[in-house]
Amino acid sequence: MGQKAISIFQTCIPLFQVLSDNHRQAILLALSEKGSMTVNEITEQFNLSRPAISHHLKLLLEKGLISVEQKGTQRYYSASLRSSVELLKELVGALEEECL
């Protein structure tokens, strides 16, 4: 693997780490399918406590995989995958360029 691919891969590691959890994967998929949801709506979908869901949302938010919008007293979470997908495309492109 060339230096460019290694550098991009290292940039992707935090993304891979946050996505390694099955609950976070499921939350992200639910947000992708259903659109914006509140913490309570997300909690209803899973067999996890509200604090656990909030923790997973915090981690996904920190990595830019979801976004949050305040509407009145509610916070609506939604999938925000564009930058992560672009980064992964860049990694795939570098790997194809250097390894094929």
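The preceding data block contains the structure.
Residues numbered from 1 in each chain as written. Predicted model: local features only at pLDDT ≥ 70, side-chain atom pairs only at ≥ 80, totals over all residues. Heavy atoms only, no water.

K.L.:
What's the story with the pairing of strand β2 (residues 74–79) in this structure? I'm lost.
P.N.:
With six bridges joining them, strand β1 (residues 66–71) and β2 adopt antiparallel strand pairing. Along β2, the bridge assignment pairs Val-68 with Tyr-77. Once β1 ends, the chain turns through two residues before running back antiparallel as β2, passing Gly-72 with a positive phi of about 65°. (Pairing = 2+ DSSP bridges. Helix = DSSP H or I, 4+ residues; strand = E, 2+ residues; numbered from the N terminus.)

K.L.:
Sorry, what's going on with the packing of aromatic side chains here?
P.N.:
Remark: the centre distance and the inter-plane angle together describe each pair of aromatic rings, the angle taken between the planes. By the definition in use, this model includes one aromatic pair. With a centroid separation of 5.7 Å and an interplanar angle of 50°, the aromatic rings of Phe-9 and Phe-16 are classed as tilted. The exposure class assigned to Phe-9 is partly exposed, which follows from its relative accessible area of 35%. Judged by relative accessible area, which is 34%, Phe-16 ranks as partly exposed. Across from the ring centre of Tyr-76, 5.1 Å away, lies the NZ or CZ of Lys-71, which sits over that ring. (Phe/Tyr/Trp six-rings, centres within 6.5 Å; stacked < 30°, edge-to-face > 60°. Buried < 20%, exposed > 50% of the residue type's maximum accessible area, 1.4 Å probe, protein only. Lys NZ or Arg CZ within 6 Å of the ring centre and 35° of its normal.)

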